[in-house]
Amino acid sequence: MQYEKVKTAVVGCGMISNIYIRNLKELFSITDLVAVCDLHPEAAKAKAETYGAGRTMSIDECAADPEVELVVNLTPPGAHYGVIKQMLEAGKHVYTEKMFTTDIEQSRELVALADAKGLYLGVAPDTVLGAGIQTAKKLIDCGLIGDVTSVSVHINRNQALNSETFRFLRGDGGALPYDVGIYYVGALLTLLGPVKAIRAFGVPAPLHEAQLLYNNDAEPWRIPGNNILTASLEFASGAVGSVLFDGNTIGASQHGFTVFGTEGILKVGDPNEFGSPAALIRPEAGEAEIPFTHGYDGKNYLEHFPFEGYGHRGVGVAEMAYAIRKGRKNNRCSKEYGLHCQEVLFGMDEAARTGTTYQPQSRFVMEGLRSGCYSSQFGGKARGDAELSLVY
Ligand SMILES: NC(=O)c1ccc[n+]([C@@H]2O[C@H](COP(=O)([O-])OP(=O)(O)OC[C@H]3O[C@@H](n4cnc5c(N)ncnc54)[C@H](O)[C@@H]3O)[C@@H](O)[C@H]2O)c1
């Protein structure tokens, strides 16, 4: 069946827009990239020229343009609230990069606004729709590790060093738990469902010395918020878990993600990637890597350095575009999922600050994508039929 393409505009033409623009234009058949916009017109013009990507517009022109149905917000986290609100008020569906916003009340307001206007609002990370996490989800959902009893997750970075290169990390949303931990929270929620209760400890980032690598910053800075969070979670399912996000250590990334069950153990791949495989351990059997049950493994013939691993960014946009055309709910990277991700992180901060248990109020539903649809052409790098998994 043919679906009318969803007329889509990208707002925010920075680094991550490169892979989004290519995928929305060339990889997904459901999206038609009609415009690119940026606060700085020259940034939008450069992307339009590089990728032959539609018209360039100001933000106000985009909001006022009747052709644009769906806006993909790729601005820094501090700009998200304003951009999303303006586009929803203008009657556009919106898909936004993470974090949803830098303030939980603002995110709640945007969810209510989208509900009131009957508009779709989707939120990254969409790495949870990649082959790695979808395969892990299928495996858990079909009972291969029995009932999930507990989970252990950790990730580390040198976030201060990263903030020298990526300047937006110096602002709200730049601390490791928000900038990177969000991928792990997204995967946790995708695999185990909503969180019922949180206890936590937090440690802020140290003051960062004036630039070591570059010489364009005279003053030291401190990444706001807790740059280490460690928490105990109780899921609505009854499973419990421990989480550690440490941004005050070195950059050699040592991620861990293990789900324990009554009949087995699942070592989940890196949720920051689309195609990091899972391994299954069953009693009396060795550890075995599980072949993917889903497509979108991150290998993308449109992708070139430095976007290694970013390959299928935008899959959440395409899934939402099918939801729009079919009039179904986008029960994957939905606004409810985005809000719960944010509330779990907010809850860790709150629990650490108050020394009490935080109980998230938000709830969400996460449906798995249809399995058995792969990008099977050209060595697995081209579209193939993986997009079929996004239709239903
Ligand atoms: N860079 C990455 O590796 C990466 C990966 C995944 C997700 N993200 C997320 O994607 C978003 C963008 O990241 P990036 O690395 O591309 O940032 P960037 O700083 O490279 O680009 C952001 C762009 O948004 C524009 N902009 C800022 N405020 C605006 C506004 N109010 N209206 C319109 N345009 C505005 C800026 O001019 C800039 O061109 C962030 O939310 C980030 O968390 C980034």
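Keep in mind it's a predicted model, so treat the numbers as computed, not measured. (Residues numbered from 1 in each chain as written. Predicted model: local features only at pLDDT ≥ 70, side-chain atom pairs only at ≥ 80, totals over all residues.)

## Examining the overall build of the chain
Selection criterion: Numbering goes from the N terminus for both helices and strands, where a helix is a DSSP run of H or I of at least four residues and a strand is a run of E of at least two. With the radius of gyration taken over C-alpha atoms, the globule rule is written as 2.2 Å times the number of residues to the power 0.38. Residue burial here comes from a neighbour count, namely the number of other C-beta atoms, placed from the backbone, that lie within 10 Å of the residue's own C-beta, with 20 or more meaning buried, 12 or fewer meaning exposed, and in between meaning partly exposed.
Scanning the chain from N- to C-terminus turns up eleven helices and 14 strands. The C-alpha atoms of the chain give a radius of gyration of 20 Å, which matches the 21 Å a tight globule of 392 residues would have. Taking the principal axes of its C-alpha atoms as reference, the chain extends roughly 55 × 55 × 40 Å. Looking at the chain as a whole, 52% of its 392 residues are labelled buried.

## Quick notes on the packing of helix H9 (residues 181-192) against helix H11 (residues 335-354)
Put simply, the rule reads: Only the contacting stretch of a helix is used when fitting its axis, a line to C-alpha atoms as for every element, and angles between N-to-C directions run 0 to 180 degrees. For a crossing to be left-handed, the near helix must be turned anticlockwise from the far one by less than a right angle; the clockwise case is right-handed. What counts as a contact is two residues whose backbone-derived C-beta atoms lie within 7 Å of each other. Residues were grouped as follows: Ala, Val, Leu, Ile, Met, Phe, Trp, Tyr, Cys and Pro as nonpolar; Asp, Glu, Lys and Arg as charged; and all remaining residues, including Gly, as polar.
Two numbers describe how H9 lies on H11: the axes approach to 10 Å, and their chain directions differ by 120 degrees. For the pair H9 and H11, the crossing hand works out as right-handed. Together, Gly181, Ile182, Val185, Gly186 and Leu189 of H9 and Tyr337, His340, Cys341, Val344 and Leu345 of H11 make up the contact between the two elements. Looking at the contact of H9 with H11, its residues break down into seven nonpolar, three polar and no charged.

## Overview of the sheet that holds strand E5 (residues 93-96)
Heads up, the rule is: If DSSP finds at least two bridges between two strands, the strands pair.
Pairing is parallel across the open sheet formed by six strands, whose spatial order is E3-E2-E1-E4-E5-E6. Of all the strands in the sheet, just strand E3 (55-57) and strand E6 (121-123) have a single pairing partner and so form its edges. The sheet shows a mean angle of 25 degrees between the axes of neighbouring strands, taken without regard to direction. Judged from the four bridges that link them, strand E1 (residues 6-11) and strand E4 (residues 70-73) form a sheet pairing that is parallel. When the bridges of E4 are listed, Thr8 appears paired with Leu70. Its contacts with the sheet place helix H10 (residues 315-326) against E1, strand E2 (31-37), E4, E5 and E6, and it is angled at close to 160 degrees to E5.

## A word on the site of the ligand
What counts here: Only the C-beta atom matters for this test: placed from the backbone, it must lie within 6 Å of a molecule or strand for the residue to be near it.
Around the ligand, the surrounding shell holds 22 residues, and the nearest of these are Gly12, Gly14, Ile16, Ala79 and Glu97. A total of four residues in the shell around the ligand trace back to one element, the largest contributor, which is helix H4 (residues 77-89). Looking at the shell around the ligand residue by residue, the classes come out as 13 nonpolar, six polar and three charged.

## Details of the nonpolar core
Heads up, the condition is: Throughout this description, the term nonpolar core refers to a group of buried Ala, Val, Leu, Ile, Met, Phe, Trp, Tyr and Cys residues whose C-beta atoms join them within 7 Å. Domain extents, as shown, originate in an automatic or database domain assignment.
Counting residues in each nonpolar core, the largest one holds 112 residues, and the members touching the most others are Val10, Val11, Cys37, Cys62 and Val72. If you tally residues by element for this core, the top one is H11, at nine residues. Both of domain 1 (6-127 + 312-335 + 349-390) and domain 2 (128-289) provide at least three residues apiece to this core. In this structure, Val10 is in contact with Ser17, Tyr20, Ile21, Leu24, Leu33, Val36, Cys37, Val72 and Leu74, ignoring residues within four places of it in sequence.

## Some details on the domain arrangement of the chain
Accessible area lost upon the coming together of the parts serves often as the stated size of an interface. Domain boundaries in the chain define domain 1 (6-127 + 312-335 + 349-390) and domain 2 (128-289). One C-alpha centre belongs to domain 1, the other to domain 2, and the line joining them spans 22 Å. Across the boundary between the two partners, domain 1 contributes 28 residues, which contact 35 residues of domain 2. Secondary-structure elements contributing two or more residues to the side of domain 1 that touches domain 2 are H4, H10 and H11.

## Thoughts on H11
What counts here: Here, expected helix span is obtained from the residue count minus one, scaled by 1.5 Å.
In this model, H11 (20 residues) spans 27 Å end to end at C-alpha, consistent with the 28 Å of a helix rising 1.5 Å per residue. Within H11, 17 of the 20 residues are buried, which leaves it mostly tucked inside the rest of the structure. Count one or two residues on from H11 and you reach Gly355, which has phi positive near 70 degrees.

## Examining the sheet that holds strand E11 (residues 256-261)
Pairing is mixed across the open sheet formed by eight strands, whose spatial order is E8-E9-E10-E7-E11-E12-E13-E14. If you trace the sheet from one side to the other, it starts and ends with strand E8 (195-204) and strand E14 (287-289), each paired once. On average, adjacent strands in this sheet sit at an angle of 15 degrees to one another, irrespective of strand direction. Note: strand E13 (residues 279-281) against E14, three bridges, orientation antiparallel. Each residue of the ladder has a partner; that of Ile281, found in E14, is Glu287. Across the sheet, helix H6 (residues 131-141) lies against strand E7 (148-156), E11, strand E12 (265-267) and E13, angled at about 175 degrees from E12, the strand it touches most. In the packing of H11 onto the sheet, the strands contacted are E8 and strand E9 (226-235), and the crossing angle to E8 comes to about 60 degrees.

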